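Examining the three-dimensional arrangement
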Amino acid sequence: MNAKSAINKEIFAPHDERMLGAVQVKRRTKKKIPFLATGGQGEYLTYICLSASGTIKLFFKHKLVIPFKVTAHGMESYLKMTYIPPSFEVTNKKPAQATITKVKQFEGSTSFVRRTQWMLEQLRQVNGIDPNQDSPEFDLVFENAFDQWVASTASEKCTFFQILHHTCQRYLTDKKPEFINCQSKIIGGNSILHSAADSVTSAVQKASQALNERGERLGRAEEKTEELKNSAQQFAETAHKLAMKHKC
């Protein structure tokens, strides 16, 4: 199990939270901490984690084509296909809260410790430092805190920024944080999250089109069946009249 999976299992899952993304970081500048406050715990690894207390679900709801038999005058039966147009329902259950949490793992320990935590609404600014090239450096500005970080890799920072930007856009209605000095691939239309959303939309459209085409074919079959039924009834009535006429 990698570190991020372990963090999700140990820190967030027990509290019915789900980690959406994380990035391993270290400070760009040493933070001045009084000697007595360190507690002698030694070196440690730091992770900035984004989590939510709810889940995001995607539902597809459709109505089936239902066959049933109809008996006419107790003599004949035919199969009538009834088509009900499909409907797709996509719902997002917004999390009760989304948070950014600083998690540490101290040297010589296999466990993780939850440290500082902020509500997503407290995030005011995300600074990517350099919009022209991949850089592992970034700043996070909260209502009451400001931290300067260096991610373990530029790609890890990029992925975390994409998830963070997507989460802010989706779940914050007021006071969305400002994303500055970020590359277009992070906050633009080329993000992996937008690509995934486009794929889902395309799949839904294709499925809807296929069901509509099937419905049209079934509708034509229903009309043909109705015509055959009427013809059979007319033939039966004509035959009955002829039989009665010859009998007389």
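Everything here concerns the structure above.
What counts and how
Residues numbered from 1 in each chain as written. Predicted model: local features only at pLDDT ≥ 70, side-chain atom pairs only at ≥ 80, totals over all residues. Heavy atoms only, no water. Pairing = 2+ DSSP bridges. Helix = DSSP H or I, 4+ residues; strand = E, 2+ residues; numbered from the N terminus. Axes fitted to C-alpha atoms, helices over the stretch in contact; angles between N-to-C directions. Contact = heavy atoms within 4.5 Å. Salt bridge = Lys/Arg side-chain N within 4 Å of Asp/Glu carboxyl O. Buried < 20%, exposed > 50% of the residue type's maximum accessible area, 1.4 Å probe, protein only.

So, about the sheet that holds strand E7 (residues 123-127). The strands that make up a sheet pair up through hydrogen bonds in the backbone, lying either parallel or antiparallel. With mixed pairing, the 8 strands of this open sheet are ordered in space as E6-E5-E2-E1-E9-E8-E7-E10. At either margin of the open sheet sits one strand with a lone partner, and together these are strand E6 (113-119) and strand E10 (178-180). Neighbouring strand axes in the sheet, compared pairwise and without regard to direction, differ in orientation by 30° on average. Here helix H1 (residues 3-12) sits on the sheet and contacts strand E1 (18-27), strand E2 (44-52), strand E5 (98-106) and E6; the angle it forms with E1, its principal contact strand, is near 115°. Running over the sheet, helix H2 (residues 154-171) touches E1, E2, E5, E7, strand E8 (137-142), strand E9 (146-151) and E10 and is turned about 135° from E1.

Moving on: the pairing of E6. Bridging between E5 and E6 involves 5 bridges; their strand directions are antiparallel. Looking at the pairing, Lys104 lines up with Val113 of E6. Linking E5 back to E6 in an antiparallel pair, the connection comprises 6 residues, with Gly108 at a positive phi of about 85°.

Right, let's talk about the pattern of salt bridges for a bit. Scanning the model with the defined rule gives 6 salt bridges in all. In this structure, Arg28 and Asp139 form a salt bridge, with 2.8 Å as the shortest nitrogen-oxygen distance. Within this pair, whereas Arg28 is found in the loop between E1 and E2, its partner Asp139 is found in strand E8, the two being separated by 111 residues in sequence. Under the relative-accessibility criterion, Arg28 is labelled partly exposed at 26%. Residue classification places Asp139 among the buried positions, given a relative accessible area of 6%. With a shortest N-O distance of 2.5 Å, Arg124 and Glu143 are connected by a salt bridge. Of this pair, Arg124 sits in strand E7 while Glu143 sits in the loop between E8 and E9; the two residues are 19 residues apart in sequence, bridging distant segments of the chain.

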